[in-house]
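Summary of the model geometry
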Amino acid sequence: MKLFRGLSTLLKGIKNVPQFISLFHEQKVTLSRIETQLGDVADLFKAMQNKLADTDLIVDRTEGGMKDPNWISPMEKRISLDMENYFQQVECLLSIYRALPNLRYLPSTRGWAGSPDFLSKLVEIILKKTPQFVFELSSGVSSIVLGAGLQANQVGNLLSIDHEEVYANITRDNIRLNGIEQNCKVEVCPLVDIEVEGIIHKWYDLQTTQIKERIDLLVIDGPPGSTQSLARYPAVPLLYSFFSDYTVILMDDANRRDEQVIAERWIKFLHTKNFEVQRTDFPSFEKGLVMFEVRRIV
């Protein structure tokens, strides 16, 4: 009898093994996600630590009787602004992870990549506006955030174009890693000579792709500013005919002089095409951001 009871207990334990394995896998995924988040935050805090080291260096130099109020004050102001920016980036990064629980892996947000404040604004627009079709110029970490947001909404598709195959492939790999390939697509559109308002621009060759839907959200982070003067200007003149009755346009790097000129020219252009435009600037963002809410006048 004891033998039968023992076998019965053993069989019940074996029956629960798949549940234990599934639970272990879920915990492993959660720990991996937390590790990624902590890694991103650690990078930002390391940068903050370096700035604090700069502050200590200034103090050391001034303690030796070399203090010059006209020199130290701008330095203190710059470091204060840098510290405030780093705090803002950490805050936005944590907000992204909180808003997108389906996000498995977020690539680096430093250097040329989209900054956390810019990415956080993308998440906000996606969740609030629930766009059906998002068109993005230049793929990267922003593509992952956009795709994860659309997946969270359970509606909408993203088409991102890039002029270089190597970067397009990196984004495709990250899209697959995050399991958002069903509603995200990256296509390669090389830069070619295109005439816009009598001026030749190096811009994306749209002959290699097809825009089949009306654009609800247009995200502009390319071509690179180094391509030529006002490199991103062609976007609106060449794409406005695809706009929905209400379209949101977001342009990164808006603190640069070229982007400020482009923003003003876009407004004038859209007014001639029977659109109302509401502009909102975010100069406190790390690289600057400008948003346009564009409505077609019927």
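Residues numbered from 1 in each chain as written. Predicted model: local features only at pLDDT ≥ 70, side-chain atom pairs only at ≥ 80, totals over all residues. Heavy atoms only, no water.

What about the overall build of the protein?
Looking only at helices and strands, the protein features seven helices and nine strands. Here the protein holds 298 residues, and 43% of them are scored as buried. For the protein, restricting intrachain contacts to residue pairs at least 6 apart in sequence, the fraction spanning at least 24 positions comes to 68%. In the form shown here, the protein has an accessible surface area of approximately 16700 Å², with 56% of it arising from carbon and sulfur atoms. (Helix = DSSP H or I, 4+ residues; strand = E, 2+ residues; numbered from the N terminus. Buried < 20%, exposed > 50% of the residue type's maximum accessible area, 1.4 Å probe, protein only. Contact = heavy atoms within 4.5 Å. Areas by Shrake-Rupley, 256 points an atom, 1.4 Å probe, with all protein chains shown as cover.)

Describing a nonpolar patch on the surface
Together, Val166, Tyr167 and Ile170 line one region of the surface with nonpolar side chains, adding up to about 290 Å² of accessible area. Structurally, Ile170 can be placed in helix α5 (residues 165–177). Exposure remark for Ile170: the relative accessible area of 42% places this residue in the partly exposed category. (Patch = residues over 30% accessible without salt bridge, like charges linked within 9 Å, V, L, I, M, F, W, Y side chains within 5 Å. Salt bridge = Lys/Arg side-chain N within 4 Å of Asp/Glu carboxyl O.)

A look at the pattern of salt bridges
The tally for this structure, following the rule as stated, stands at 17 salt bridges. For Arg110, the salt bridge is made with Glu286, and the minimal N-O distance between the two is 2.9 Å. Separated by 176 residues along the polypeptide, Arg110 in the loop between α2 (69–99) and α3 (116–129) and Glu286 in the loop between β8 (275–282) and β9 (289–296) bring together distant segments of the chain. On the basis of relative accessibility, which here comes to 25%, the residue Glu286 falls in the partly exposed class. Salt bridges linked by common partners bring Asp221, Arg232, Asp253, Arg256 and Glu259 together as one network.

Re the pairing of strand β5 (residues 199–204)
Strand direction decides the pairing type here: strand β4 (residues 191–196) and β5, joined by six bridges, are antiparallel. From the neighbouring strand, Glu195 faces β5, where its bridge partner is Ile200. Count of turn residues in the β4/β5 antiparallel hairpin: two residues, of which Glu197 carries a positive phi of about 55 degrees. (Pairing = 2+ DSSP bridges.)

Comments concerning the sheet that holds strand β2 (residues 157–162)
Taking strand neighbours across the sheet as the criterion, the seven strands line up as β3-β2-β1-β6-β7-β9-β8 in an open arrangement whose pairing is mixed. Here the strands that pair on one side only, and so sit at the sheet edges, are β3 (184–188) and β8. Strand-to-strand twist across the sheet, computed as the mean angle between neighbouring axes with direction ignored, equals 15 degrees. The sheet contact formed by β8 and β9 spans eight bridges and is antiparallel. Looking across to β9, one finds that Phe282 is bridged to Leu289. (Axes fitted to C-alpha atoms, helices over the stretch in contact; angles between N-to-C directions.)

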